[in-house]
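# An overview of the molecular structure
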Amino acid sequence: MMSEQVAGLIRDMFPGIGVTIPRERRITVYSTADRLHDVLRGLHGAGVTHVTTITCMDKIERGMFELLYHLWWENNLITVRIEIPRAIPVIPTITTIFPGALSYEREIQGMFGIQVENIPDPRRILLSDEFPLGVYPLRKDYEVK
Amino acid sequence: MAEKENNKKIIIPFGPQHPAFKESMRLDLCVDGEIVEYADIIVSYNHRGIEKAAEQRTFLQNIYLIERVCGICSHSHTTCYCAAVEEIMGIEVPERAQYIRSFIGELERIQSHLLWIGVTGHELGWDTLLMYSWKDRERINDMLERITGNRIHYAMNTFGGVRRDLSPGDFPRFKEDFDFLEERTKYYLHVIAEEETFLKRTRGIAFLPTEMARRLCAVGPTTRASNVRIDARADDPYAAYPDLDFEVVTHDSGDVWARTYVKALEILQSIRMCRQVLDEIPGGEIRVKAPLKVPEGEAICRYEAPRGELIHYVRSSGGTMPDRIKIRSPTFGNWVVATELLKGICIADVPIVVYAIDPCMSCSARITVTDSARGTVTETTFDALRRRGRQGKGAV
């Protein structure tokens, strides 16, 4: 599908939602944390099954974490963007909709300290057993020694 | 070793070190007798903090850092990263450079798949197949060394294009090498399709249904062997792929055999594309001048690495160093699949099922047998387990 078609479908599914097309085969959807599940469930209902990854960015200057959920569908990479406060970094799991996203949720949990509610496997990933608990290396205030 | 009892659950850790692989990972297999009940995969052993390290280095320095994410798909990573940065810069890479990037990328795919065919033979107890395929693979390594100066970590990419050109004087020799490799790959296809012992070890093993492959977001030859047609070269084309003719190889068997067959057929498709590059590569520059500073912006690039979909997200805030680089390599996307595939299989099939997803992983020689009733812990070795698998011997 052409990017304009996919963007149009998303706008029809979620009236009022922000959708941009940065370039061909790339679509950005601007959502909020409380709408995230509705948006992803709606996309899943439309036929989206493939989560490519979840990118997290530490916007320390604004006190926010930005989360990008990258989904591949109909020859377009749809990136659903949300922001959550750094002080209360809680987000519900999306593995109930996309079971394949488990590794990516474990990664943002371990590397950024995002608390993913009801994640099926909450164990830390990627960091060694000796790495201190409660320390999140990809946050901007973690200094590399 | 402790004697086997019918009700004893055994946790067998595979990992984290193995000389044949590029990363360290551990599988904890809970087994009941010969059957794996469930598997747990621990992927933390070779984490090097590259995403964090990339935030401490300039964009240009990061080409050399990111190349070392992986040894066997190093060109995949730098091509994907450079393409993302070039998109933020708003520069257009010359056509000749795009062809060279695709050429090196397909050579990388051929050598990766040949390596994998050899390791598959090794894990099934046929070191002859390992020796044959790795010897053939030397042709590709020699080509890569002739073009780039290195057998791995080619340092070909830079912002704006590539650093070295192809020399037309090498083309006749390259074409002979492709003729040779095509013949050898057809031989391997014959072995895969006809050799009875290979079929017995791989047919019907670790079946991944199409629906499960989609649901668990599998990537690469693993998912294409379950009839999921996803290939970034075709559905999100980059470099020279819009101009190159090739088939996306899929199969509907979904078992270890199908994953092997798909990879062997992909080698033929790669050879086809490489020949096309040699015949049709346009003239012109191999790079354009890139701006010294990367402007503010972000880009996401997808690349079809030998193991599957690779994605690089790059965010620049206009400084000398990136604000964020996010890399999701294909194997990381397949681990959830691997844990499902290991359920219900025999211990003897664990090596081939794990290697069938073509992981970047290492595994160790240490296996712990825990007898909770007696409170004893004993150890055996992975080599002993592999021997058991080849010889069909009894329990641990």
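Every value quoted in this text rests on a predicted model; they were computed, and no experiment measured them. (Residues numbered from 1 in each chain as written. Chains lettered and ligands numbered in written order. Predicted model: local features only at pLDDT ≥ 70, side-chain atom pairs only at ≥ 80, totals over all residues. Heavy atoms only, no water.)

### As for the interface of chain B and chain A
Contact residues are listed per partner, giving 34 residues for chain B and 38 residues for chain A. Summed over both sides, the interface of chain B with chain A buries roughly 3200 Å², with 53% coming from carbon and sulfur. If you sort the residues of chain B by the area they bury against chain A, Lys52(B), Cys217(B) and Phe332(B) come out on top, with a joint share of 19%. For the pair chain B and chain A, the number of links is 8 salt bridges. Among the salt bridges present, the one from Lys140(A) reaches Glu55(B), with a minimum N-O distance of 3.3 Å. There are 18 residue pairs in polar contact (both at pLDDT 80 or more) connecting chain B and chain A. Sorting the residues of the side of chain B that touches chain A by element identifies helix H1 (50-54), helix H8 (210-215), strand E6 (296-305), strand E7 (308-317), strand E8 (324-328) and helix H12 (330-341) of chain B as the ones contributing at least two each. (Contact = heavy atoms within 4.5 Å. Buried area = accessible area lost by both parts, 1.4 Å probe. Salt bridge = Lys/Arg side-chain N within 4 Å of Asp/Glu carboxyl O. Polar contact = N/O pair within 3.5 Å; in protein donor to acceptor, adjacent residues only side chain to side chain. Helix = DSSP H or I, 4+ residues; strand = E, 2+ residues; numbered from the N terminus.)

### Notes on the pairing of strand E4 (residues 64-73) of chain A
Residues and elements named next belong to chain A. Burial analysis of E4 places 9 of its 10 residues in the buried class, which makes it a mostly covered element. Pairing of strand E3 (residues 50-59) with E4, which is carried by 9 bridges, proceeds in the antiparallel orientation. The residue of E4 that forms the bridge with cysteine 56 is leucine 67. What sits between the antiparallel neighbours E3 and E4 is a turn of 4 residues, in which glycine 63 has the positive phi angle 70°. Pairing of E4 with strand E5 (residues 76-85) involves 10 bridges; the strand directions are antiparallel. When the bridges of E5 are listed, phenylalanine 65 appears paired with isoleucine 84. Taking the residues between adjacent antiparallel strands as the criterion, E4 and E5 are bridged by 2 residues, where glutamate 74 takes a positive phi near 50°. (Buried < 20%, exposed > 50% of the residue type's maximum accessible area, 1.4 Å probe, protein only. Pairing = 2+ DSSP bridges.)

### Quick notes on the side chain of Asp177(B)
Residue and element names in this part refer to chain B. On the secondary structure map, aspartate 177 appears in helix H6 (residues 171-194). Among the residues examined, aspartate 177 registers a relative accessible area of 3% and is labelled buried. Once residues lying within four places of it in the same chain are set aside, the contact partners of aspartate 177 are Arg139 and Met143.

### Let's talk about the sheet that holds E8(B)
Strands belonging to one sheet form pairs held by backbone hydrogen bonds; the direction of such a pair is parallel or antiparallel. All names here are of chain B. Pairing is antiparallel in the open sheet, where 3 strands are placed in the order E6-E7-E8. Only two strands of the sheet have a single partner each, and these edge strands are E6 and E8. Going across the sheet, the axis of each strand differs from the next one's by a mean of 10°, ignoring polarity. Two strands pair when backbone bridges link them, and E6 and E7 are joined in this way by 10 bridges, in the antiparallel orientation. Note that in E7 the partner of arginine 302 across the bridge is isoleucine 311. (Axes fitted to C-alpha atoms, helices over the stretch in contact; angles between N-to-C directions.)

### Quick look at the packing of helix H3 (residues 74-89) of chain B against helix H4 (residues 95-123) of chain B
All names here are of chain B. One way to put it is that H3 packs onto H4 with a least axis distance of 9 Å and a crossing angle of 150°. With respect to H4, the axis of H3 lies roughly antiparallel. H4 is crossed by H3, and the crossing has left-handed handedness. Mapping the contact onto sequence places Ser74, His75, Ser76, Thr79, Cys82 and Glu86 in H3 and Arg101, Ile104, Gly105 and Glu108 in H4. Of the residues assigned to the contact of H3 with H4, the class counts are 2 nonpolar, 5 polar and 3 charged. (Parallel < 35°, antiparallel > 145°, perpendicular 65-115°, else oblique. Left-handed = near helix turned anticlockwise from the far one by under 90°. Nonpolar A, V, L, I, M, F, W, Y, C, P; charged D, E, K, R; others polar.)

### Focus on the sheet that holds E4(A)
Residues and elements named next belong to chain A. Reading across from one edge, E1-E2-E5-E4-E3 is the order of the 5 strands in this open sheet, with mixed pairing throughout. The open sheet has two edge strands with one neighbour each: strand E1 (18-23) and E3. Here the strands of the sheet are splayed against their neighbours by 25° on average, with no regard to which way each runs. Each of E1, strand E2 (26-30), E4 and E5 touches helix H1 (residues 3-13); the most contacted strand, E1, lies at about 170° to it.

It is worth stressing that arrangement in space is one thing and function is another; only the former is reported here.
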